[in-house]
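Here are the chains, one letter per residue:
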Amino acid sequence: MKAGVARFWREIPQRYNFIGNKCGTCERVFFPPRESCPYCRRKSIGNMKEIKLAGKGEVVTYTVIHVGPEDFEEQTPYPIAIIKLEEGPQITAQIVDCPLDEVKIGLKVESTFRKIQQDGHTGAIYYGYKFKKQRQ
Amino acid sequence: MPLVGFTMEQIGIVSYGAHIPRYRIKAEVIAAVWGKDGQAISRGLGIFEKSVPSVDQDTATISVEAIRAALKRCTLNPTDIGAIYVGSESHPYAVKPTGTIVGEAIGATPDLMVADYEFACKAGTAAIQTCFGLVKAGMIDYGVAIGADTSQAAPGDALEYSASAGGAAFIIGRTNVIATINHTLSYTTDTPDFWRRAEMKYPSHGGRFTGEPAYFKHITNCATNLMTKAGTKPQDYTYAIFHQPNGKFPVNVAKKLGFTIDQVKQGLMVPYIGNTYSGASMIGLASVLDVAKPGDRIFMTSYGSGAGSDGFDMTVTNNITRLSRQKAPTIAQLVADKEYVDYGTYAKMTNLLFWE
Amino acid sequence: MRDVAVIGVGLTKFGELWDKSFRQLIAEAGSKAILNAKIEGKDIDALYVGSMSSGRFVDQEHIGALVAEVSGFSQLHIPATRVEGACASGGLAVREGYLSIASGMNDIVVVGGVEKMNDVGGSEATEILATASDQEWEAFFGATFPGIYAMIATRHMYEYGTTKEQLAQVAVKNHANGVNNPYAQYQSLISLESVLKATTVAYPLGLMDCSPVSDGAASLVLCAAEKAKKYTDKPVKIIGSGQASDTLALHGRRDICTLDATVHAAKRAYKQANLTPKNIDFAEVHDCFTIAEICAIEDLGFVEKGKGGKAIDNKITTLDGSLPVNTSGGLKAKGHPVGATGVAQIVELTMQLRGEAGKRQVKDAKIGLAHNVGGSGATCVIHIMEAM
């Protein structure tokens, strides 16, 4: 991602702390936060409330990336999953600290704070969420 | 439990947490690469294996995981934290603080004092002293002191068997204190035993000069001064923690000071995870707090090359029984959760292969 | 609304075309289509060109005007517009051309689609293709484009018992069709074993489950149906055009295994054509990955949801099956120069409906459907065609 630091900086509340929002009309939770609720549309405008999500959920589907983008080449093979968060929204994230054969649909996971990308060895470092197996 | 003979304010540790990357490499695997006798080296250093950070871990991520663990164990609201000091010699940026990343990641910003510390392996304990002072001065209610490193060693250097990754975080305050800090002091001189110049990737060191005039002199003097100030002797302590660059130095210095191996072993993690530099003494302290009971007295002396030692005399309070210690992994659990890597993977993970 | 017909088609060879530039490709396809339609430059009312990422592949945006220029029309000042919808850019360009004639605004429109992908390296091509996914919430976290389709495959296998062998059979079938397409990037048969043994790109997808990185261009001449016979004896009519959208990110969808954009675009196209899936004789579907073809035949209503894998086993979609799919070789064998793909699908439909498909000719082909997808299903455009 060579687009400049502002683009990353803007998303820090989401990437570090799972700040999403909730429609005041239908109570649906969104992550990342949305300007309006796609179900309630105009009724939701000005009625979206910020909430912090717990960063816990379950694997809905996954893949193991063997051919990765340049920034991720050192990590291949690495699992990527769609995770359904406890509050409802689904997100895409990497699974770490987990043997590949233990990544399964239904696996309970929790977030961990990691480096996601960096602008080479001289540029900014972008941190955010990845997921690991939930601690029993 | 009443703390007889104490008149100082009850300022101390409110909660604690740690993080150790789960990858390990055995000393003998490293030795084999360089044609050395691994078992002899392991015996000599008192290190069997060391932790290895994955490519997506650095001092910032380890610090965040450690302080998040500390926050899980207590009920503190992150916005009540008034200061964060992160001690490390491997801050991800040369210029740009690690502490702001940590502050943002735990929701403690923006009414927050932050600075990064560097004092070789004792930057984290220096951060504890700073937080202690700020709380005592009434400037903050709670301060966070973190010691964390993803320490680097040049391939083939003696340090390669020990330099590892990990960190611990301590919340310092005056409410719900689980271990009071009764006394703290430092012993500091200008002693260039180990250093890393600004543009260099790996540290340099004075070989055997790092021992007697550096590590042993500073720890011994600091520890002696502390016991004099506190009016204590080694037998008064349940646990003693010394900086642990290898498995031998802390045991030798403990014996020299009159401590027994039983007092030292709970806080001696280096044989299993290597030297986590700024995290080393602090992970030792976290390991002690994992098992400590009310009334236990803890002695800790860190050491940072350059050089200096920070000494702490602490007493565990009844509050430790109310801390939800089980809500975050203990040091023993972090040590046990591991996956071994070979030297090639280690080289990739620790960026030894970067040539641009 | 007026009826619209295709009166001319043009295609370049698809593949690694080292000696051909972006400009040469689109000029070649365009002039072939114009000659095929027997029209002249002055007959053209407008030009639409689909390209996903000319800016990143060859550092050239503003390609509407460029295409008009390289096609030799700079002195005619023809209105020229570039259309973008990731891998559906070509199909969208066809639809824009179609709408402009159906509305009565234009009589004759040239539609092009082009992508020159091999002027960048492999890993950069991967990165550029990932811009079709949600950059901030998928790609940022390390999800590649094959990875996103792989997640559809994993879930499809989990919910419906679809197997890697069934996925592989899609590639085997499309290569068998590609053998008979002189324009295809791969004109060779492949074995099931070779697909299954290919190096893993993103589990469960291997290299042979993926469409290749390709250069190529395709072009059409569209004409108001009432005037089509003036130019050709064999005009082919567009009888349905449907388009739909969905969330950019796969994780935002109602169901991981269903491309709702396909479902809705199909519903609109079938309604306009007054047809049901049963009336379709053959189809070109967007098989950017083998799993995509299985989802497509389900979402288009050819088979029930979850039965796509079985349909492959039962050879329904082979050239001599009851519903031949991707007679051209599909994206897998013909190649996938992304912006060109949607236009090339209409070229294949036209050739089949004209009876000009040679060895890959579908017997009694009356009605064909083209299905073009952008991203992992955020955009879908579908056309149904019938010989006049």
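### A short note on the overall build of chain C
And then number 1: A count of helical and extended segments in chain C gives 14 helices and eleven strands.
And then number 2: Relative to its length of 388 residues, chain C is compact, with a C-alpha radius of gyration of 19 Å against a globular reference of 21 Å.
And then number 3: Along the longest, intermediate and shortest principal axes, the C-alpha atoms of chain C span 55 × 45 × 40 Å.
And then number 4: Of all 388 residues assigned to chain C, the portion counted as buried reaches 65%.
And then number 5: Look at the contacts in chain C between residues 6 or more apart in sequence, and 78% of them connect residues 24 or more apart.
And then number 6: As displayed, chain C offers around 13300 Å² of accessible surface, 50% of which is attributable to carbon and sulfur atoms.

### Brief notes about the domain arrangement of chain A
Residues and elements named next belong to chain A.
And then number 1: If you check the domain split of chain A, you get domain 1 (1-13 + 54-136) and domain 2 (19-52).
And then number 2: In this structure, domain 1 and domain 2 have C-alpha centres spaced 24 Å apart.
And then number 3: Taken together, the seven residues of domain 1 in the interface contact five residues of domain 2.
And then number 4: Taken together, the two surfaces of domain 1 and domain 2 that pack against each other cover about 480 Å², and 68% of this comes from carbon and sulfur.
And then number 5: By the criterion of area lost to domain 2, the three top residues of domain 1 are Pro13, Glu87 and Pro89, representing 63% of everything that side buries.
And then number 6: Across the contact surface, domain 1 and domain 2 share zero salt bridges.
And then number 7: If you look at where domain 1 meets domain 2, you find one residue pair in polar contact (both at pLDDT 80 or more).
And then number 8: The residue makeup of the side of domain 1 that touches domain 2, split by class, is five nonpolar, one polar and one charged.

### Quick look at the pattern of salt bridges
And then number 1: Inspection of the entire model under this criterion finds 40 salt bridges over all chains.
And then number 2: Close ionic contact of lysine 233 of chain B with aspartate 236 of chain B constitutes a salt bridge, the shortest N to O distance being 3.4 Å.
And then number 3: Classification of aspartate 236 of chain B as partly exposed rests on a relative accessible area of 31%.
And then number 4: Residue glutamate 226 of chain C pairs with arginine 2 of chain C through a salt bridge whose shortest N-O separation is 3.3 Å. Here glutamate 226 of chain C is found in helix 9 (residues 225-228), whereas its partner arginine 2 of chain C is found in the segment before strand 1 (4-11), with 224 residues between them in sequence.
And then number 5: The network of salt bridges with shared partners includes Asp97, Arg114 and Lys130 of chain A together with Asp56 of chain B.

### A look at the pairing of strand 7 (residues 108-118) of chain A
Residues and elements named next belong to chain A.
And then number 1: Of all the eleven residues making up strand 7, nine are buried; the element is thus mostly covered by neighbouring parts of the structure.
And then number 2: The pairing of strand 4 (residues 56-65) with strand 7 spans three bridges and is antiparallel. Bridged to glutamate 58 within strand 7 is lysine 108.
And then number 3: Of the strand pairs in this sheet, strand 7 and strand 8 (residues 125-133) are connected by nine bridges, and their pairing is antiparallel. Within strand 8, the residue paired with phenylalanine 113 across the bridge is tyrosine 129.
And then number 4: In this structure, the hairpin formed by strand 7 and strand 8 is closed by a connection of six residues, where glycine 120 is found at a positive phi of approximately 65 degrees.

### A few points about the interface of chain A and chain B
You'll often see interface size given as the accessible area lost when the parts meet.
And then number 1: Contacts between the two partners involve 21 residues from chain A and, on the opposite side, 27 residues from chain B.
And then number 2: Buried surface at the junction of chain A and chain B, summed over both partners, amounts to about 2100 Å²; 48% is from carbon and sulfur atoms.
And then number 3: In terms of surface lost to chain B, no three residues of chain A exceed Glu74, Phe113 and Arg135 of chain A, which account for 29% of the buried area on that side.
And then number 4: Applying the counting rule to chain A against chain B returns three salt bridges.
And then number 5: Among the salt bridges present, the one from aspartate 56 of chain B reaches arginine 114 of chain A, with a minimum N-O distance of 3.0 Å.
And then number 6: Across the chain A-chain B interface, the total number found is 15 residue pairs in polar contact (both at pLDDT 80 or more).
And then number 7: Broken down by secondary-structure element, the contributors of at least two residues to the side of chain A that touches chain B are helix 2 (12-17), strand 7 and strand 8 of chain A.
And then number 8: Here the residues of the side of chain A that touches chain B are counted per class, giving eight nonpolar, six polar and seven charged.

### Description of the interface of chain A and chain C
And then number 1: At the junction of the two partners, chain A supplies 35 residues and chain C supplies 26 residues.
And then number 2: Taking both partners together, chain A and chain C bury about 2700 Å²; carbon and sulfur atoms supply 63% of that area.
And then number 3: When the buried area of chain A at its contact with chain C is split by residue, Arg15, Thr92 and Ile105 of chain A rank highest and sum to 20% of it.
And then number 4: Along the contact surface separating chain A from chain C lie two salt bridges.
And then number 5: Applying the counting criterion to the chain A and chain C interface returns 14 residue pairs in polar contact (both at pLDDT 80 or more).
And then number 6: Breaking the side of chain A that touches chain C down by element, the ones donating at least two residues are helix 1 (5-9), helix 2, strand 4, strand 5 (78-85), strand 6 (90-94), strand 7 and strand 8 of chain A.

### Some words on the sheet that holds strand 3 (residues 80-83) of chain C
Residues and elements named next belong to chain C.
And then number 1: Spatially, the nine strands line up as an open sheet ordered 3-2-4-7-1-8-11-10-9, and their pairing is mixed. Taken across any chain shown, the strands that pair with only one partner, and hence form the sheet edges, are strand 3 and strand 9 (282-284). Ignoring which end each strand starts from, the neighbouring axes of this sheet average 30 degrees apart.
And then number 2: Bridge count for strand 10 (residues 367-374) against strand 11 (residues 379-387) is eight bridges, and the pairing is antiparallel. Its bridge partner lying in strand 11, glycine 368 is registered against methionine 385.
And then number 3: Seen against the sheet, helix 10 (residues 260-273) touches strand 8 (236-245), strand 10 and strand 11 and runs at an angle of roughly 145 degrees to strand 8.

### Considering a negative patch on the surface
And then number 1: Residues Glu70, Glu73 and Glu74 of chain A together with Asp59 and Glu124 of chain C make up a contiguous surface patch of negative charge.
And then number 2: Residue position: glutamate 70 of chain A is located in the loop between strand 4 and strand 5.

### Details of the layout of surface pockets
And then number 1: By volume, the second largest pocket is sized at about 1400 Å³.
And then number 2: The wall of the second largest pocket is formed by 45 residues, among which Glu110, Ser111 and Lys132 of chain A together with Arg68 and Lys72 of chain B lie closest to the centre.
And then number 3: Elements represented by at least two residues in the lining of the second largest pocket include exactly helix 2, strand 3 (48-52), strand 7 and strand 8 of chain A together with strand 1 (12-19), helix 3 (59-73), helix 4 (99-105) and helix 11 (331-336) of chain B.
And then number 4: Ranked by residues supplied to the lining of the second largest pocket, first place goes to helix 3 of chain B with five residues.
And then number 5: Residues of the lining of the second largest pocket, tallied by class, amount to 18 nonpolar, twelve polar and 15 charged.

### What to know about the sheet that holds strand 2 (residues 23-26) of chain B
Residue and element names in this part refer to chain B.
And then number 1: What the three strands build is an open sheet, ordered 3-2-14; its pairing is mixed. At either end of the open sheet lies a strand with only one pairing partner, and these are strand 3 (49-52) and strand 14 (339-340).
And then number 2: Here strand 2 pairs with strand 14 via two bridges, running parallel. Counted as the bridge partner of tyrosine 23 is glutamate 339 from strand 14.

### Here we look at the packing of aromatic side chains
And then number 1: Tallied over the full model, the rule gives 33 aromatic pairs over all chains.
And then number 2: Between phenylalanine 145 of chain C and phenylalanine 289 of chain C, the ring centres sit 6.3 Å apart and the planes meet at 55 degrees, which makes this aromatic pair tilted. You can see phenylalanine 145 of chain C sitting in helix 6 (residues 145-160) and its partner phenylalanine 289 of chain C sitting in the loop between strand 9 and helix 11 (290-299), a full 144 residues away along the chain.
And then number 3: Residue classification places phenylalanine 145 of chain C among the buried residues on the basis of a relative accessible area of 5%.
And then number 4: The rings of Phe8, Tyr16, Phe18, Phe31, Phe113, Tyr126, Tyr127, Tyr129 and Phe131 of chain A together with Trp137, Phe140 and Phe141 of chain C are connected pair by pair, giving a single aromatic cluster.
And then number 5: Above the plane of the ring of tryptophan 137 of chain C lies arginine 15 of chain A, whose end atom (NZ or CZ) is 4.7 Å from the centre.
And then number 6: Against the face of tyrosine 16 of chain B rests arginine 73 of chain B, its NZ or CZ located 4.3 Å from the ring centre.

About the criteria used
- Residues numbered from 1 in each chain as written.
- Chains lettered and ligands numbered in written order.
- Predicted model: local features only at pLDDT ≥ 70, side-chain atom pairs only at ≥ 80, totals over all residues.
- Heavy atoms only, no water.
- Helix = DSSP H or I, 4+ residues; strand = E, 2+ residues; numbered from the N terminus.
- Rg over C-alpha atoms; globule rule 2.2 N^0.38 Å.
- Buried < 20%, exposed > 50% of the residue type's maximum accessible area, 1.4 Å probe, protein only.
- Contact = heavy atoms within 4.5 Å.
- Areas by Shrake-Rupley, 256 points an atom, 1.4 Å probe, with all protein chains shown as cover.
- Domains from an automatic or database assignment.
- Buried area = accessible area lost by both parts, 1.4 Å probe.
- Salt bridge = Lys/Arg side-chain N within 4 Å of Asp/Glu carboxyl O.
- Polar contact = N/O pair within 3.5 Å; in protein donor to acceptor, adjacent residues only side chain to side chain.
- Nonpolar A, V, L, I, M, F, W, Y, C, P; charged D, E, K, R; others polar.
- Pairing = 2+ DSSP bridges.
- Axes fitted to C-alpha atoms, helices over the stretch in contact; angles between N-to-C directions.
- Patch = residues over 30% accessible without salt bridge, like charges linked within 9 Å, V, L, I, M, F, W, Y side chains within 5 Å.
- Lys, Arg positive; Asp, Glu negative; His and termini not counted.
- Charge placed at Lys NZ, Arg CZ, Asp CG, Glu CD.
- 1 Å grid on protein atoms, 1.4 Å probe; cavity = no way out; pocket = protein on both sides within 12 Å on 5 of 7 lines; lining within 4 Å.
- Points joined across faces, edges and corners; volume = space filled by probe spheres on them.
- Phe/Tyr/Trp six-rings, centres within 6.5 Å; stacked < 30°, edge-to-face > 60°.
- Lys NZ or Arg CZ within 6 Å of the ring centre and 35° of its normal.

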